[in-house]
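# Observations on the three-dimensional arrangement
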Amino acid sequence: QVQLVESGGGLVQAGGSLRLSCAASGSIFSNNAMGWYRQAPGKQRELVAAISKGGSTNYADSVKGRFTISRDNAKNTVYLQMNSLKPEDTAVYYCAAYRGSIWYGGIDYWGQGTQVTVSS
């Protein structure tokens, strides 16, 4: 059974920083692309950032230059460093494991989500 467990969410003032972590179980992590998505109230879930098996990255335009996705294959963990946070970044953030080594395929697994709230 594959599990993705997020941590690191919380309440932060605008301009602040948070680092989210997603710990993955099983062999899926090292062979699969990983991603972070978010969903704000009343809005659809959207891609924030993705990282391939080889370390290539992809970012939503709204977070480019502020967020950084990284992975530590030895720890089966993917991170999302979020700097210069804005109130519009407030959402539930979900970790995702893609079907293949790049993010073009479908998503096989989701984490349970972690709340990020940015106050103005």
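All values reported here derive from a predicted model rather than from experimental measurement.

Here we take up the sheet that holds strand β7 (residues 67–72). If you trace the 4 strands from one edge of the open sheet to the other, you get β1-β3-β8-β7, paired in antiparallel fashion. Both outer strands of the open sheet, β1 (4–7) and β7, are each paired with one neighbouring strand and no more. Each neighbouring strand pair of the sheet contributes to a mean axis angle of 15°, computed without reference to strand direction. Of the pairings in the sheet, the one linking strand β3 (residues 18–24) to strand β8 (residues 77–82) comprises 6 bridges and is antiparallel in character. Looking at β8, one finds that Cys22 is bridged to Val78.

This paragraph deals with the state of the cysteines. Using the criterion set out here, one finds 1 disulfide in the structure. Here Cys22 engages in a disulfide with Cys95; their sulfurs sit 2.1 Å apart. The S-S bond linking Cys22 to Cys95 shows a torsion near -80°; that makes this disulfide left-handed. Residue Cys22 is located in strand β3, and its partner Cys95 is located in strand β9 (residues 91–98); the two are separated by 73 residues in the primary sequence. Classification of Cys95 by relative accessible area gives buried; the value is 0%.

Further remarks concern the packing of aromatic side chains. For the structure shown, the criterion picks out 4 aromatic pairs. Taken together, a centroid distance of 6.4 Å and an interplanar angle of 45° make the contact between Tyr37 and Tyr98 tilted. One end of the pair, Tyr37, is in strand β4 (residues 34–39); the other, Tyr98, is in strand β9, and 61 residues separate them in sequence. Pairing Tyr94 with Trp110 gives two aromatic rings, centres 6.4 Å apart and planes at 90°, and the pair type is edge-to-face. With Tyr94 in strand β9 and Trp110 in strand β10 (residues 107–110), this pair connects stretches of sequence that are 16 residues apart. Here the aromatic cluster, defined as three or more aromatic residues joined through ring pairs, consists of Tyr37, Tyr94, Tyr98 and Trp110. For Arg45, the ring lying beneath its charged end belongs to Trp110, and the centroid distance is 4.5 Å.

Rules used in this analysis
- Residues numbered from 1 in each chain as written.
- Predicted model: local features only at pLDDT ≥ 70, side-chain atom pairs only at ≥ 80, totals over all residues.
- Heavy atoms only, no water.
- Pairing = 2+ DSSP bridges.
- Helix = DSSP H or I, 4+ residues; strand = E, 2+ residues; numbered from the N terminus.
- Axes fitted to C-alpha atoms, helices over the stretch in contact; angles between N-to-C directions.
- Disulfide = S-S within 2.5 Å.
- Buried < 20%, exposed > 50% of the residue type's maximum accessible area, 1.4 Å probe, protein only.
- Phe/Tyr/Trp six-rings, centres within 6.5 Å; stacked < 30°, edge-to-face > 60°.
- Lys NZ or Arg CZ within 6 Å of the ring centre and 35° of its normal.

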